[in-house]
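So the chains spell out like this:
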Amino acid sequence: SDRLKEVSEHPKIPSFLDFFEHNGKFFLVQEYIEGQNLEEELRQEGAFSPEAIQQLLSELLPILTYIHKRQLIHRDIKPENIVRRRVDGQLFLVDFGAAKAVSETILAKTGTMIGSAGYVSPEQAYGKTVYASDVYSLGVTCIHLLTNLSPFELIDYGDWGWHWQDRLPETTNVSEEFALMLGQMIERGLTKRFKTANEVESQMSKLTQHISPHSKL
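Residues numbered from 1 in each chain as written. Predicted model: local features only at pLDDT ≥ 70, side-chain atom pairs only at ≥ 80, totals over all residues. Heavy atoms only, no water.

### Describing the packing of helix α3 (residues 50–69) against helix α8 (residues 176–185)
In step 1: The contact between α3 and α8 brings their axes to 12 Å, and the two run at 50 degrees. Overall, the two elements α3 and α8 adopt an arrangement that is oblique. Pair α3 / α8 crosses with left-handed handedness. Between α3, through Pro50, Ile53, Gln54 and Leu57, and α8, the contact on the second element is made entirely by Phe178, Met181, Leu182 and Met185. (Axes fitted to C-alpha atoms, helices over the stretch in contact; angles between N-to-C directions. Helix = DSSP H or I, 4+ residues; strand = E, 2+ residues; numbered from the N terminus. Parallel < 35°, antiparallel > 145°, perpendicular 65-115°, else oblique. Left-handed = near helix turned anticlockwise from the far one by under 90°. Contact = heavy atoms within 4.5 Å.)

### Thoughts on helix α6 (residues 131–147)
In step 1: Over its 17 residues, α6 extends 25 Å from the first C-alpha to the last, a length consistent with the 24 Å expected when each residue adds 1.5 Å.
In step 2: Where burial is concerned, most of α6 is hidden: 17 out of the 17 residues are buried.
In step 3: Note on α6: the residue one or two positions beyond its end, Asn148, has a positive phi of about 60 degrees. (Expected span 1.5 Å × (residues − 1). Buried < 20%, exposed > 50% of the residue type's maximum accessible area, 1.4 Å probe, protein only.)

### Structural notes on the sheet that holds strand β5 (residues 82–85)
In step 1: The antiparallel open sheet is built from three strands, whose spatial order is β3-β5-β6. Bordering the open sheet on either side are β3 (35–37) and β6 (91–93), each of which pairs with just one other strand. Looking at each pair of strands side by side, their axes are set apart by 30 degrees on average, direction ignored.
In step 2: Across three bridges, the pairing between β3 and β5 is antiparallel. The residue of β5 that forms the bridge with Gly35 is Arg85.
In step 3: Packing against the sheet, α3 makes contact with β5 and β6, and its axis sits at approximately 35 degrees to β6. (Pairing = 2+ DSSP bridges.)

### Quick look at the pairing of β5
In step 1: Summarising the sheet, β5 and β6 pair through three bridges and their orientation is antiparallel. Across the sheet, residue Arg84 finds its bridge partner in β6, namely Leu91.

### A closer look at the packing of aromatic side chains
In step 1: Applying the stated criterion across every chain yields a total of two aromatic pairs.
In step 2: Centre to centre, the rings of Tyr136 and Trp162 are 6.4 Å apart; their planes meet at 55 degrees, and the pair counts as tilted. On the criterion of sequence distance, the pair formed by Tyr136 in helix α6 and Trp162 in strand β9 (residues 161–162) is long-range, its members being 26 residues apart. Assigned by exposure class, Tyr136 and Trp162 land together as buried.
In step 3: Aromatic pair Tyr157 and Trp160: ring centres 5.1 Å apart, planes at 85 degrees, arrangement edge-to-face. (Phe/Tyr/Trp six-rings, centres within 6.5 Å; stacked < 30°, edge-to-face > 60°.)

### Brief notes about the pattern of salt bridges
In step 1: As enumerated under the stated definition, the model contains six salt bridges in all.
In step 2: Its salt-bridge partner being Glu34, residue Arg86 comes within 3.2 Å of it at the nearest N-O pair. Linking Arg86 in the loop between β5 and β6 with Glu34 in the loop between β2 (25–30) and β3, this pair joins segments that are 52 residues apart in sequence.
In step 3: Taking the shortest distance from any N to any O, the salt bridge between Arg84 and Glu41 comes out at 2.8 Å. Here Arg84, found in strand β5, pairs with Glu41, found in helix α2 (residues 38–45); they are 43 residues apart in sequence, far enough to count as distant. (Salt bridge = Lys/Arg side-chain N within 4 Å of Asp/Glu carboxyl O.)

### Details of the packing of α8 against helix α9 (residues 197–204)
What describes two packed helices is the angle between their axes and the distance between those same axes.
In step 1: Where α8 contacts α9, the axes come no closer than 11 Å and their chain directions differ by 175 degrees. As the angle between them shows, α8 and α9 are arranged roughly antiparallel. Of the residues in α9, those touching α8 at Phe178, Met181 and Met185 are Val200, Gln203 and Met204.
In step 2: Of the residues contributing to the contact of α8 with α9, the split by class is five nonpolar, one polar and no charged. (Nonpolar A, V, L, I, M, F, W, Y, C, P; charged D, E, K, R; others polar.)

Encoded structure:
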């Protein structure tokens, strides 16, 4: 709980108001952010544009870097856990109920799988969670929002590879360099994936595709 209170000092993470245990289960009470989560926004407004996804990443990646530097892994990143505040359009990362404080020894241990089907990384599905697991889940969130299709519809079960670029709306044009970056976020093997959110941020800074600061769709 001390680690969670520390990370909630970030302006884009809702404050943690209370922690309690009931019938052997741990509960936390988090500040309510008035707005829509991105799954609701997707249902109402349709697939996101590449510019909107780049803007999402520019807001979410620094949050991940912040929590990871404090040795916390969210473990349940998905559209429902990203909320756009109604008053100003700012994005917040919510629901830290699955978050886990880590150490070098804990990272190497196998535990219970926690996360949401479709968004959880292969290693997390087997109980091993690392910082790159959050990167993977954020990447899957991005391709879901770009295509307006479930992650289960974007996996080729023959080779277990992602096939999302040929499922984009006809009007959506993703640059090759941006597609390669998203592809590296969702690599199933850890050796090929970005290891940290900070690595993705560095790659983002090299992209030439214009980011519209207020673009949603």
